[in-house]
Number of protein chains: 2
Amino acid sequence: MSTATQNIVVNKVEKSKIDQVDFSNLAFGSIFSDHMLVCNFKNGEWQAPTIEPYAPIQLDPAAKIFHYGQSIFEGMKAYKDEKGSTLLFRPKDNWIRLNKSAERMVIPEIPEAIFMDGLTKLLDVDGDWIPTNEGSSLYIRPFMFASGNGFHASPADEYKFVICTAPSGAYFSGKVKVLIEEKYARAANGGVGYAKAGGNYAAQFYPTQLAIDRGYNQVIWTDDNTHEYIEEAGAMNIFVRIGDTLLTSPTSDRILDGITRKSIIQIAKDAGIEVKERKVTVAEVVAAAKSGDLKEMFGAGTAAVISPIAGFGYKNEDFDLPELENPYAAQLKKTITDIQTNKSEDPYGWRFEVK
Amino acid sequence: MSTATQNIVVNKVEKSKIDQVDFSNLAFGSIFSDHMLVCNFKNGEWQAPTIEPYAPIQLDPAAKIFHYGQSIFEGMKAYKDEKGSTLLFRPKDNWIRLNKSAERMVIPEIPEAIFMDGLTKLLDVDGDWIPTNEGSSLYIRPFMFASGNGFHASPADEYKFVICTAPSGAYFSGKVKVLIEEKYARAANGGVGYAKAGGNYAAQFYPTQLAIDRGYNQVIWTDDNTHEYIEEAGAMNIFVRIGDTLLTSPTSDRILDGITRKSIIQIAKDAGIEVKERKVTVAEVVAAAKSGDLKEMFGAGTAAVISPIAGFGYKNEDFDLPELENPYAAQLKKTITDIQTNKSEDPYGWRFEVK
Ligand SMILES: Cc1ncc(COP(=O)(O)O)c(C=O)c1O
Ligand SMILES: Cc1ncc(COP(=O)(O)O)c(C=O)c1O
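Figured I'd write up the structure that's included with this text. (Residues numbered from 1 in each chain as written. Chains lettered and ligands numbered in written order. Predicted model: local features only at pLDDT ≥ 70, side-chain atom pairs only at ≥ 80, totals over all residues. Heavy atoms only, no water.)

**Some remarks on the state of the cysteines**
Residue and element names in this part refer to chain B.
And step 1. In this structure the tally under the stated criterion is 0 disulfides over all chains.
And step 2. Just so you know, Cys-39 is unpaired, no disulfide at all, and the nearest cysteine sulfur is the one on Cys-164, 14 Å from it.
And step 3. On the accessibility criterion, Cys-39 (0% relative accessible area) is buried. (Disulfide = S-S within 2.5 Å. Buried < 20%, exposed > 50% of the residue type's maximum accessible area, 1.4 Å probe, protein only.)

In structure tokens form, the structure reads like this:
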């Protein structure tokens, strides 16, 4: 992959929309910054990326994105520290994962230089859109999809890579209650669950809606064959604390290899917490809930950061989690967000300053 | 569902592109007719459909189709008989299945009147695009997708329903060789395999490419758990003839309930062929291939009609199918296409004349 710096043409908006935004009261991902990065793949190669005003994309009605779901994405966040520097968290890992998703969905891989230089240039142009109040950030959405057309069910010959950004508040508002799934499934063995493929997300909407109708916020997915193992949530990996041990499922071809997940595992271990990556059964979680050994459950993901789970449902029974004095979730969240926002040292080299 | 006839506004093209089309030499789904039907869902309801010149669709970069794969489709064909009447095949079944897919993907269901009147009006406007030479037809692609925007992973609030058409030749050219899959999978138990959801198709591209690289045209999917059962192919259900019995897998939440499949089952039974809908194991197919009892395999689907399979690969072994004098595949294909094109009586009431 070429790492040559890209000389990116920037077409600026005539007038910024930033005055219309109430930065003290942001929802998640519903207001979009002035510009976007666009890069087209055609004639077998990626063309020069450009930064353009955020505006509608025009697509042929037979573009394969509409018909065959050939699309992938990433999710990242930018922060500003007290000196006004723009910070990212492990951005190269998002680039690597995007290309893993690309391989699985037969989308051409994006060169590192287009991804990284496009991203940093876009953040340079729209740096003022990064919220600075606690708990807010600029959510960054790189995505790629099939723009080439045809009704033959085969990969397209043209693609678009786009990065948009959205100043955002918290993903979940309030306490998170989850339902452990016993009927529906998110991913097949040998399927695309480990890829951030668009279709994986729409597939979750219906079971999630059923859970919401029953008073939960999220589904915890289990394996599609036995429903005996806890896998992950809609957009978060899942950690379970039994006694003083933190458990999380190993990643697999059904589970997204979360960047927050692996960072949390590292941070927790370095804080002296025992962490086990092993299969977690629903049965042991239920038994621990009943015996009082289940201390915490939380989700970990870029959008949701660390989201403590207040309770879970399983087969018509509801279980509450205790409210601890100093839970792992809060400790770990503080450590990771302090690193992300430059409030602490970064012994791991995860923070990335945009220059 | 309202069945009131829709009064559909038609905005015609200034100049038809039909002169540029070589109808004697059509590929599959790569040339598009002059018009398309468009209907928008917003403010909680479907708006009035219109017929418009085939032209690019404009979408916000944050439209959920790009990010979360919330899209479904159907595939149908129109034929002209010798009197010049436009004929469809069981179109209401496509409408019903589209709405089943819609329910699973949390897309609002489309009323019968919009689907049927939109379809017939579009065929009225673009009737000249229906090819009349043997083996060609007008392929019809109704599709629905999330046009509403936002990065929250939840259903959109706006959708588009579109119907495009494409004069098309055969889906497969030449003999079809298939690979029985032993690693990858198309669908999870409790997943969306039974829906015509876009993401199901992109998920097949990578394993299919691996099969193509090994000299096959298609993958035959097996269950994701054991890979012991034959399920279906990329866009076709699969029939296997062992001795004089025709076998096909029952439909399930992993398998599309094909309209061609169920029609073939009916036609075959009425022709005195023994048909069994039961699980078909890879082991029995391989054993039958070895013993000589395996007489035929074929795929059945709207695009591929009935596609005889000339051979299959499994675990580094290749098996050829015999060339029979008067195979079921040819008999059944003749019966179904004669019904479709009004070359024979239609005892089932499947043919639908567009007036
Ligand atoms: C299915 C799924 N699991 C887990 C995660 C968490 O991954 P990360 O921590 O890299 O954001 C995400 C979100 O990106 C996701 O979509
Ligand atoms: C996955 C899949 N299986 C089977 C079929 C065959 O269904 P039908 O006969 O209704 O076209 C299709 C095509 O529509 C399909 O996409």
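**Digging into the pairing of strand 18 (residues 294-301) of chain B**
Residues and elements named next belong to chain B.
And step 1. Across the 8 residues of strand 18, 7 count as buried, placing the element largely inside the fold.
And step 2. Where strand 14 (residues 237-242) and strand 18 come together, 6 bridges link them in antiparallel fashion. Following the sheet pairing, Ile-238 is matched in strand 18 by Gly-299.
And step 3. Inspection of the sheet shows strand 18 paired to strand 19 (residues 305-314) by 4 bridges, in the antiparallel sense. Paired with Ala-300 across the two strands is Ile-306, which belongs to strand 19.
And step 4. The turn joining strand 18 and strand 19, which pair antiparallel and follow one another in sequence, is formed by 3 residues. (Helix = DSSP H or I, 4+ residues; strand = E, 2+ residues; numbered from the N terminus. Pairing = 2+ DSSP bridges.)

**Topic: the site of ligand 1**
Residue and element names in this part refer to chain A.
And step 1. Around ligand 1 sit 16 residues, and of these Lys-196, Tyr-201, Glu-232, Thr-260 and Thr-302 come closest.
And step 2. At 2.4 Å, a side-chain N or O of Glu-232 approaches a nitrogen atom of ligand 1.
And step 3. Protein chains bury 97% of the 390 Å² of accessible surface belonging to ligand 1 in isolation.
And step 4. At the level of elements, helix 5 (259-270) and strand 18 (294-301) are the ones that each hand at least two residues to the shell around ligand 1. (Near = heavy atom within 4 Å. Polar contact = N/O pair within 3.5 Å; in protein donor to acceptor, adjacent residues only side chain to side chain. Areas by Shrake-Rupley, 256 points an atom, 1.4 Å probe, with all protein chains shown as cover.)

**Regarding the interface of chain B and chain A**
And step 1. Counting residues at the interface gives 58 residues for chain B and 58 residues for chain A.
And step 2. With both sides pooled, the region where chain B packs onto chain A buries about 5200 Å², and carbon together with sulfur makes up 64% of that total.
And step 3. Its largest share of buried area at the contact with chain A, chain B owes to Phe-66, Phe-151 and Phe-205 of chain B, together 15% of the area lost on that side.
And step 4. The interface formed by chain B and chain A contains 0 salt bridges.
And step 5. Between chain B and chain A we count 23 residue pairs in polar contact (both at pLDDT 80 or more) in total.
And step 6. Contributions of two or more residues to the side of chain B that touches chain A are made by strand 5 (57-59), helix 1 (64-68), strand 6 (71-73), helix 2 (91-104), strand 9 (137-146), strand 10 (159-168) and helix 4 (198-213) of chain B.
And step 7. Counting residues per element, the side of chain B that touches chain A draws most heavily on helix 4 of chain B, which supplies 8 residues.
And step 8. Partitioned by chemical class, the residues of the side of chain B that touches chain A number 36 nonpolar, 16 polar and 6 charged.
And step 9. One ladder, built from 3 bridges, connects strand 5 (residues 57-59) of chain A with strand 5 of chain B; its direction is antiparallel. Paired with Gln-58 of chain A across the bridge in strand 5 of chain B is Gln-58 of chain B. (Contact = heavy atoms within 4.5 Å. Buried area = accessible area lost by both parts, 1.4 Å probe. Salt bridge = Lys/Arg side-chain N within 4 Å of Asp/Glu carboxyl O. Nonpolar A, V, L, I, M, F, W, Y, C, P; charged D, E, K, R; others polar.)

**Section: the site of ligand 2**
Residues and elements named next belong to chain B.
And step 1. Taken together, 16 residues form the shell around ligand 2, and within it Lys-196, Tyr-201, Glu-232, Thr-260 and Thr-302 come nearest.
And step 2. In the environment of ligand 2, an oxygen atom lies 2.5 Å from a nitrogen or oxygen atom belonging to the side chain of Lys-196.
And step 3. A distance of 2.6 Å separates an oxygen atom of ligand 2 from a polar atom in the side chain of Thr-302.
And step 4. Computed on the free molecule, ligand 2 has an accessible area of 380 Å², of which 97% lies beneath the protein chains in the complex.
And step 5. Tallied by class, residues from the shell around ligand 2 come to 6 nonpolar, 6 polar and 4 charged.

**Re the environment of Lys-276 of chain B**
All names here are of chain B.
And step 1. By the element assignment, Lys-276 lies in strand 16 (residues 274-277).
And step 2. Spatially, the C-alpha atoms of Lys-276 and Pro-250 are 9.0 Å apart, while their sequence positions differ by 26 residues.
And step 3. What Lys-276 contacts, discounting residues up to four positions off in sequence, is Thr-245, Leu-246, Leu-247 and Thr-248.

**Overview of the pattern of salt bridges**
All names here are of chain B.
And step 1. Scanning all chains against the criterion turns up 28 salt bridges over all chains.
And step 2. The salt bridge partner of Lys-15 is Asp-19, with a shortest N-O separation of 3.9 Å. Each member of the pair Lys-15 and Asp-19 is classed as exposed.
And step 3. Between Glu-112 and Lys-92 there is a salt bridge, with the nearest N and O atoms lying 3.8 Å from each other. Of this pair, Glu-112 sits in helix 3 (residues 112-125) while Lys-92 is found in helix 2, placing the two residues 20 residues apart along the sequence.
And step 4. Residue Glu-112 is classed as buried on the basis of its relative accessible area of 16%.

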